[in-house]
Amino acid sequence: MRPELAYVVVRCHAMRAELLAPEVMKALVLTKDLGEFLELLSQTPYGEEVGERGRLVSATKLEKAFNQNFVRRLERIVRVCPGDLSEFLQTYYYMRLEIHNLKRILRGKFSKLPIDRIRDFLTSLGPYQPVFFEDLLMAEELGDFISLLSRTPYAPLEKSLVLCEKYDILWPVEARLNYLYVEAVQGVLSKIPRADRSRVRSIVETEADVENLLLAINQRGVEKVLAPPEGVFQQAYGFSPEIFKELIECRDLGEAIKGLASPYTGILKPILEEDAALVRANLRRHIYEMAGRMRERDDFGFPCIFSYLSSCEAERGELVAIAWGKEQGVEPKRILAYSVLPAYAT
Amino acid sequence: MSALSGVRPTKGYLIEMTKRLSFIERGCEFLKLKRDHLAKELSVSLEVLRGRRDKINERLRDVYEDIVTAHLALEPSEVKSQATAIKKIFEIDILPKSVMGVRYPSIKVISKPKVEGKLDPTLSKAASIMLGIFDDIIRLAEFEARAERVADELGKTNRKVNALENIVIPSYRQVIKFIQDKLDEEGLEELVRTKLIGGAIARRRE
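Here goes a summary of the coordinates provided.

Calculation rules
Residues numbered from 1 in each chain as written. Chains lettered and ligands numbered in written order. Predicted model: local features only at pLDDT ≥ 70, side-chain atom pairs only at ≥ 80, totals over all residues. Heavy atoms only, no water. Helix = DSSP H or I, 4+ residues; strand = E, 2+ residues; numbered from the N terminus. Rg over C-alpha atoms; globule rule 2.2 N^0.38 Å. Buried < 20%, exposed > 50% of the residue type's maximum accessible area, 1.4 Å probe, protein only. Contact = heavy atoms within 4.5 Å. Areas by Shrake-Rupley, 256 points an atom, 1.4 Å probe, with all protein chains shown as cover. Lys, Arg positive; Asp, Glu negative; His and termini not counted. Charge placed at Lys NZ, Arg CZ, Asp CG, Glu CD. Salt bridge = Lys/Arg side-chain N within 4 Å of Asp/Glu carboxyl O. Core = buried A, V, L, I, M, F, W, Y, C linked by side-chain atoms within 4.5 Å. Buried area = accessible area lost by both parts, 1.4 Å probe. Polar contact = N/O pair within 3.5 Å; in protein donor to acceptor, adjacent residues only side chain to side chain. Nonpolar A, V, L, I, M, F, W, Y, C, P; charged D, E, K, R; others polar.

Another point: the overall build of chain B. In terms of regular secondary structure, chain B is built from three helices and two strands. Scanning chain B from its N terminus toward the C terminus, one meets helices and strands in the order α-α-β-β-α. Expected size for 206 residues packed as a compact globule is a radius of gyration near 17 Å; at 35 Å, chain B overshoots this value by more than 25%. Projected onto the principal axes, the alpha-carbon positions of chain B cover approximately 125 × 25 × 25 Å. By the burial criterion, 35% of the 206 residues in chain B qualify as buried. Put simply, 76% of the contacts in chain B that link residues at least 6 apart link residues at least 24 apart.

Here you go:
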């Protein structure tokens, strides 16, 4: 093993101790309210975060704190990673967050939201925040936004943005962003060990496919599908791209989903009961499990880093959901239904 | 001040007072009819309101469940961000309408936001149902405003009928009775005086 990789692996193993144990997570889910949740959370490595922001903060503020915590953990790993791995992780994680932010800026610009409100939805990426984001935020018209993107890695979005302007819809851009993400990750797969490439490729491709399938299913029943699906969904990784059009137009969604290969059928099954939320939970569980399986195979190489960061990401999502659930008085059973970490969810 | 102050006990005044009284009595009858109609309208409205409110509450509870699910799956900031992507907002116009002379606001929906296929599928269903509920909420608000105004008018009409029945009409009757008594008394005096004069003339002739 390369010595610099050994250092990151040891750091990941050490930092794994900061992750919340399943029993702590379960206790957090079972707390009575947000006050009790914060009290319990203050006894964990998140104590500093909760203490910093004063007592009984809102779930919105907590979401930001959890996001920042994840970005900090990510940065601590990326900073010490060997160049090639660092490049991969930057693309895999930072670009994902960047795309999240981009989608939110785009939505804000689309509906002419004030800049401060759009900024409020964004996750700060620290030193990895692209400089052009500030310019994008300042863009007054969607046209300016498009021209600003032409000088960035998101330049291929231009065609979809034209569609978005023409038909007054945003989903073609979101679909294109999903493709751009996969293409970018595929481009840096050579930076990780050969043995892990196929699993990582499968994870990103499945994720993009499921997101795009959801976008397609969402167009079912819409009186007039404005943007031609074949123009938007140009590619699928685990099945034929024609499936997208079929899903929009077919009568029996169940049959169409059954026709998809594994793992899509299992992940998408809840959509038949109109539970898209469970589809997303299934997708997250699938990614989490895949990362876990990679780690089982090799706990002292890249899979250890990847699995640690996947756990961090899953933990962040769980904590955001629990905090919001506690603020709204949602029953623990319902929070657990959409939970990802299986150790306490089952 | 007494109702009788300033009353002129003349026949002309009596005729005028009688005319006024019959006009007021007719007005009072009309007001009673209006009161009954408004009361009927209000009781029907209240029943409908109760039913509609329960239905809306039930549907809102269902939508809330979907919104909770969306928040759990998508995270609150993503839900808010998605919600802001809906460009068009509700545009309404408020026009006056009238029932039994009672004006109430009537709400006309000019344009509605279109959410089909524009939001994440997790939110899409909740948003479409919510949009449908908005229509019902607007109709309910309109109905509530109508019921409120009808109740208000009913109170006013009731007070007017009570005032007419218990104060105005009795005072007019009192005035008419006073004038009639006065005129009867004067008539009797006149008769006695005529009799006395007639007697005196007859005695003088004898």
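Helices and strands together make up the secondary structure of chain A, namely 20 helices and zero strands. Whereas a compact globule of 346 residues would reach a radius of gyration of roughly 20 Å, chain A reaches 21 Å, a difference of no more than 12%. Counting only C-alpha atoms and orienting by the principal axes, one finds that chain A spans roughly 55 × 50 × 45 Å. Considering chain A as a whole, with its 346 residues, one finds that 55% of them fall into the buried category. Considering only residue pairs separated by 6 or more positions, chain A has 67% of its internal contacts joining residues 24 or more positions apart. Carbon and sulfur atoms provide 50% of the accessible area of chain A, an area that totals close to 15,100 Å². Taken as two groups, the 46 positive and 50 negative side-chain charges of chain A have centres that lie 2 Å from each other.

Another point: the environment of A39(B). Positionally, A39(B) belongs in helix 1 (residues 11-74). Between the C-alpha atom of A39(B) and that of I67(B), which follows or precedes it by 28 residues, the distance is 41 Å.

Turning our attention to the environment of F70(A). Residues and elements named next belong to chain A. Within the secondary structure, F70 sits in helix 5 (residues 59-80). Taking C-alpha positions, F70 is 9.8 Å from G317, a pair spaced 247 residues apart along the chain. Not counting residues up to four positions away in its chain, the partners in contact with F70 are Y93, L97, L309, C312, E313 and R316.

Using the criterion set out here, one finds 39 salt bridges over all chains in the structure. Among the ionic pairs, E183(A) bridges to R176(A), the shortest N-O distance being 3.8 Å. Look at E183(A) and you get partly exposed, because its relative accessible area is 36%. Salt bridges sharing common partners tie together R104(A), R107(A), E174(A) and E78(B).

So, about the nonpolar core. Among soluble globular proteins, nonpolar side chains are generally buried collectively. Residues F88(A), Y92(A) and I305(A) are the most contacted members of the largest nonpolar core, which totals 101 residues. Setting aside residues no more than four positions away along its own chain, I305(A) makes contact with L5(A), V8(A), V9(A), C12(A), I77(A), C81(A), L85(A) and L89(A).

Moving on, we get to the interface of chain B and chain A. Tallying the contact residues gives 28 residues for chain B and 34 residues for chain A. For the pair chain B and chain A, the two sides together bury roughly 2,900 Å², of which 55% comes from carbon and sulfur. At the boundary of chain B with chain A, the tally comes to six salt bridges. Where chain B packs against chain A, one counts 15 residue pairs in polar contact (both at pLDDT 80 or more). When contributions to the side of chain B that touches chain A are tallied by element, the ones reaching two or more residues are helix 1, helix 2 (76-84) and helix 3 (121-205) of chain B. Sort the elements by how many residues they give to the side of chain B that touches chain A and helix 1 of chain B lands first, with eight residues. Residues of the side of chain B that touches chain A, tallied by class, amount to 10 nonpolar, nine polar and nine charged.

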